[in-house]
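# Architecture at a glance
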Amino acid sequence: MPGGRLTQQERQQIALGLSDGLAYAEIARRLGRPTSTVTREVMRNGGPTAYRSDLAHRATERRAHRRRQSTPGGPAVPPAHGRDAAAVAEYQETFTTVFMQQGLPKMTARILTCLFTTDEGSLTAAELVQRLQVSPASISKAIGLLEDLTLIHRERDERRRERYRVDDDVWFNSMIASARQNADLAETARQGVAVLGPGTPAAVRLENIARFMDFVAESIIRAAEQARDILYAKPPA
């Protein structure tokens, strides 16, 4: 049943597929499930190298039990605009999984997802604690990483509270930061050419790295600037 919860037998098939080195898409095809369902299941339960079907099944039952217990007191995030709260929660898990696949730690990914799926685009630390049901220390550490990656920025509201915001420029800033890292790698590789001797096999290899990274960095910056100018252009007054 593609729309229902994964059964214990399906989780066992996922574990077998991972041990056989199958891609998520192939495991999903054999189960008759969306690839995102399998990806989210694996990433939420230890990743491809540590996934165990029995532990994953018990963890899912515990999460469902906690959700049932919290229902009488009201959901952590009140539904808005007539949205289906369960569908929103499911989508947030999918979004978080995508961020984790791109290298973000789980808590950092959860915070970023929370900010992107909030209509205001900003939340205080206290609001993040309430929504994610975690400690303030966990929020603080993840926020620091997001700021280092230029994925969020701080602002103060009318009550002088610090808020953490995402906006349209977040991806532009992230792409520019990535381009700078590529440019730094190119420069470091080029320095090695003189050290190892121009024309030697090692120097040629480093020069090829430098040229490739230069090209990638320039392409990223050019594409990011074009996308920002076209997609986020302000209408004329």
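Note that the structure is a prediction, hence the values are computed from the model and not measured.

### Observations regarding the overall build of the protein chain
- Along the backbone of the protein chain there are 10 helices and 3 strands.
- When its helices and strands are written in sequence order, the protein chain yields α-α-α-α-α-α-β-α-α-β-β-α-α.
- Every one of the 237 residues in the protein chain was classed for burial, and the buried ones make up 33%.
- Summarising the internal contacts of the protein chain: among those between residues at least 6 apart in sequence, 53% fall at separations of at least 24.
- Put simply, the protein chain shows about 14800 Å² of open surface, and 55% of that area lies on carbon and sulfur atoms.

### Considering the packing of aromatic side chains
- If you walk through the whole model with that rule in mind, you get 6 aromatic pairs.
- On the basis of an interplanar angle of 20 degrees and a centroid distance of 4.7 Å, the ring pair of Phe95 and Phe99 is categorised as stacked. Pair noted here: Phe95 and Phe99 are both in helix H5 (residues 85-101), with a separation of 4 residues, about one helical turn.
- Note on Phe99: relative accessible area 3%, which makes it buried.
- On the basis of an interplanar angle of 40 degrees and a centroid distance of 6.3 Å, the ring pair of Phe95 and Phe116 is categorised as tilted. You can see Phe95 sitting in helix H5 and its partner Phe116 sitting in helix H6 (residues 106-116), a full 21 residues away along the chain.
- For Phe95, a relative accessible area of 21% corresponds to the partly exposed category.

### Quick look at a nonpolar patch on the surface
- A cluster of nonpolar side chains, namely Ile230, Leu231 and Tyr232, defines an oily patch on the protein surface of about 350 Å² accessible area.
- Considering the arrangement of structural elements, one finds Tyr232 in the segment after helix H10 (201-231).
- By relative accessible area, Tyr232 is classed as partly exposed at 35%.

### Re the side chain of Thr113
- Within the secondary structure, Thr113 is located in helix H6.
- Look at Thr113 and you get buried, because its relative accessible area is 2%.
- Those residues in contact with Thr113 that lie beyond four places of it in its chain are Gln92, Phe95, Thr96 and Phe99.

### What to know about the packing of H6 against helix H7 (residues 125-132)
- Two numbers describe how H6 lies on H7: the axes approach to 11 Å, and their chain directions differ by 105 degrees. Compared by their axis directions, H6 and H7 come out roughly perpendicular. Of the residues in H7, those touching H6 at Met107, Arg110, Ile111 and Cys114 are Leu128, Arg131 and Leu132.

### Looking at H6
- Burial runs high along H6: 8 of the 11 residues are buried.
- What H6 keeps buried is the set Met107, Thr108, Ala109, Ile111, Leu112, Thr113, Cys114 and Leu115.
- The secondary structure elements touched by the buried residues of H6 are H5, strand E1 (122-124), H7, helix H8 (136-148) and strand E3 (162-165).

### Some remarks on the side chain of Gln92
- Looking at the element boundaries, Gln92 is found in helix H5.
- Of note is the side chain of Gln92, whose polar atom sits 3.0 Å from the side chain of Thr117.
- Filtering out sequence-adjacent residues up to four positions away, Gln92 remains in contact with Thr113 and Thr117.

About the cut-offs
- Residues numbered from 1 in each chain as written.
- Predicted model: local features only at pLDDT ≥ 70, side-chain atom pairs only at ≥ 80, totals over all residues.
- Heavy atoms only, no water.
- Helix = DSSP H or I, 4+ residues; strand = E, 2+ residues; numbered from the N terminus.
- Buried < 20%, exposed > 50% of the residue type's maximum accessible area, 1.4 Å probe, protein only.
- Contact = heavy atoms within 4.5 Å.
- Areas by Shrake-Rupley, 256 points an atom, 1.4 Å probe, with all protein chains shown as cover.
- Phe/Tyr/Trp six-rings, centres within 6.5 Å; stacked < 30°, edge-to-face > 60°.
- Patch = residues over 30% accessible without salt bridge, like charges linked within 9 Å, V, L, I, M, F, W, Y side chains within 5 Å.
- Salt bridge = Lys/Arg side-chain N within 4 Å of Asp/Glu carboxyl O.
- Axes fitted to C-alpha atoms, helices over the stretch in contact; angles between N-to-C directions.
- Parallel < 35°, antiparallel > 145°, perpendicular 65-115°, else oblique.
- Polar contact = N/O pair within 3.5 Å; in protein donor to acceptor, adjacent residues only side chain to side chain.

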